[in-house]
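Each chain, written out:
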Amino acid sequence: MRKTPEIPSASMADIAFMLLIFFLVATTMDVDSGLERVLPQMPPENQEQDDTPPIKERNVFSVLLDQYNRLMVEGEIMRVEDLREKAKEFMRNPTNSENLPETKTTEIPLLGNIEVTKGIISLRNDHGTQYGTYIAVQNELVAAVNELRDEFASERFGKTYANCTNEQKSAIREAIPSRISEAEPKTIGGKK
Amino acid sequence: MSKFRKSNAKEVPAVSTASLPDIVFMLLFFFMVTTTMREVTLKVRTTLPTATELSKLEKKSLVSYVYVGPPQKQYTKMFGTEPRIQLNDQFAKVSDIPDFILAERAARDEAEIPFMVTSLKVDEFTKMQIVGEIKQELRKAAALHINYSSRKKIEVK
């Protein structure tokens, strides 16, 4: 039988390189990241209005953003930088003050009886608010909750929240709930 | 002793390139596996806002993207400079979002639908009105899990 000539493999590397370069160019390596939030469920259309009990004034932490990106928290103008501390103080209520939210003693597995805050953060923005400002405010509010959880975790379990086991995490989440409600936007302050 | 010594011992032998294709193939396979193709050409400019409390989008195949921002230069004649929504490869209206979400759902496995995330890539300077409308549409479509795409802010303490 006649010997078949060998296929030259010298160009193999070149072909592979070409493919490699194609994939290098087409690849996006950047990991998408962002603020994760869950929207509230749409209420059923034929729902009766107002079957929930009204929320007490002291339990609501109102955050308003107007069309000029000004921030008003609990009735006073504030810088975004100060929002985190204010929100933490609201959620913690260290002195059991009359103006800060009530707490409710709840039994949580792993933790025992814990004073859980009834506070709700209510965020309302204007149609004209800039998205960047809105995200900055959202970020501060999420950061406040995250910091509280971290502090609580290191106090109780001696490690950061991220290092806790899943049971511990859910216990902490129950002890320090993240209740950020977003009202339907409306035009605040003047006409556009 | 001279038996083992090569006659031209002074010359350094050339480095063998026989394994080069294998190495390149290895790299190639790595990139082929890790790659996700760019699926859309962006028609809007999105400069993402910065934030610190980021969480990563774990499964890219389960993410649907909504882009909002001012149209890129070559489209400003037709679409103006006001922020617009882009779904897939084209400009869209707010009312197109429920259909888009349904189409995205239909393209996935039924078991994976509860884990789907909508990533909002919105330009920093967009007004909230359009974002609020999108959020309402997403609520109507019951796509409640969203992610405000943002860049990592370097915190100065």
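Here's a quick rundown of the structure. For clarity, every value in this text was computed on a predicted model and none was experimentally measured. (Residues numbered from 1 in each chain as written. Chains lettered and ligands numbered in written order. Predicted model: local features only at pLDDT ≥ 70, side-chain atom pairs only at ≥ 80, totals over all residues.)

### Notes on the overall build of chain A
Heads up, the rule is: Secondary structure elements follow DSSP: runs of H or I of four or more residues count as helices, runs of E of two or more count as strands, with numbering from the N terminus. A pair of residues counts as a contact when their C-beta atoms, built from backbone coordinates, are separated by no more than 7 Å.
A count of helical and extended segments in chain A gives 4 helices and 8 strands. When the elements of chain A are put in sequence order from the N terminus, they spell out α-β-β-β-β-α-β-β-β-α-α-β. At a minimum sequence separation of 6, the contacts of chain A that also span at least 24 residues come to 66%.

### Describing the pairing of strand 4 (residues 84–87) of chain B
Residues and elements named next belong to chain B. Rule in force here: Comment: burial labels come from other C-beta atoms within 10 Å of the residue's own C-beta, placed from the backbone, where a count of 20 or more is buried, 12 or fewer is exposed, and between is partly exposed. Here, strands pair whenever DSSP counts at least two bridges between them.
The two faces of strand 4 match: Arg84 and Gln86 on one face and Ile85 and Leu87 on the other face are all buried. Sheet topology note: the strand 3 (residues 63–69)/strand 4 ladder contains 3 bridges and is antiparallel. Bridge pairing in strand 4 links Tyr67 to Gln86. Inspection of the sheet shows strand 4 paired to strand 5 (residues 90–92) by 3 bridges, in the antiparallel sense. Residue pairing in the sheet places Gln86 in a bridge with Phe91 of strand 5. Between the end of strand 4 and the start of strand 5, which pair antiparallel, lie 2 residues, with Asn88 showing a positive phi angle near 50 degrees.

### Looking at the sheet that holds strand 8 (residues 180–182) of chain A
Residue and element names in this part refer to chain A. Filter applied, for reference: In this analysis an axis means a line fitted to C-alpha atoms, helices contributing only their contacting stretch, and an angle means the value between N-to-C directions, from 0 to 180 degrees.
Overall, mixed pairing links the 5 strands, which are arranged 4-3-2-7-8 in an open sheet. Two strands bound the open sheet, and with one partner strand each, they are strand 4 (76–78) and strand 8. Within this sheet the neighbouring strands show an average axis-to-axis angle of 30 degrees, counted without direction. Direction of pairing for strand 2 (residues 60–65) relative to strand 3 (residues 71–73): antiparallel, over a ladder of 3 bridges. Bridge pairing in strand 3 places Leu64 opposite Met72. Where helix 2 (residues 80–92) meets the sheet, it contacts strand 2, strand 3, strand 4 and strand 7 (120–125), and its direction lies at approximately 20 degrees from that of strand 3.

### Thoughts on the packing of helix 2 of chain A against helix 3 (residues 131–156) of chain A
Think of two packed helices as two axes; the pair is described by the angle between the axes and how far apart they sit. Residue and element names in this part refer to chain A. Using the following cut-off: The labels follow the angle: roughly parallel below 35 degrees, roughly antiparallel above 145, roughly perpendicular from 65 to 115, and oblique for the rest. By convention the crossing between two helices is left-handed if the near helix lies anticlockwise of the far one by an angle smaller than a right angle, and right-handed if it lies clockwise. Residue type decides the class: Asp, Glu, Lys and Arg count as charged, Ala, Val, Leu, Ile, Met, Phe, Trp, Tyr, Cys and Pro as nonpolar, and the leftover types, Gly among them, as polar.
Following both chains from N to C, one finds helix 2 and helix 3 inclined at 40 degrees, their axes separated by 9 Å at the closest point. The angle between the axes of helix 2 and helix 3 places the two elements in the oblique class. Considering only the axes of helix 2 and helix 3, their crossing is right-handed. Only Ala136, Val137, Glu140, Leu141, Ala143, Ala144, Glu147 and Leu148 of helix 3 make contact with helix 2, whose side of the interface consists of Val80, Leu83, Arg84, Ala87, Lys88, Met91 and Arg92. Class assignment of the residues belonging to the contact of helix 2 with helix 3 gives a composition of 10 nonpolar, no polar and 5 charged.

### A closer look at the sheet that holds strand 4 of chain B
Taken in spatial order, the 7 strands make up an open sheet running 2(B)-1(A)-7(B)-6(B)-3(B)-4(B)-5(B), and their pairing is mixed. The strands lining the two open edges of the sheet, one partner per strand, are strand 2 (55–56) and strand 5 of chain B.

### Focus on helix 3 (residues 97–106) of chain B
Residue and element names in this part refer to chain B. Threshold: It is the directions from the helix axis to the C-beta atoms that the arc portrays.
Inspection of helix 3 places Ile97, Phe100, Ile101 and Glu104 among the buried residues, and these make up the whole buried set. End-on view of helix 3: buried residues confined to an arc of 100 degrees, all on one side of the axis. Exposed residues on helix 3 whose side chains face more than 90 degrees from its buried face are Leu102 and Ala106. Of the surrounding secondary structure, the elements contacted by the buried residues of helix 3 are strand 3, strand 4 and helix 4 (128–140).

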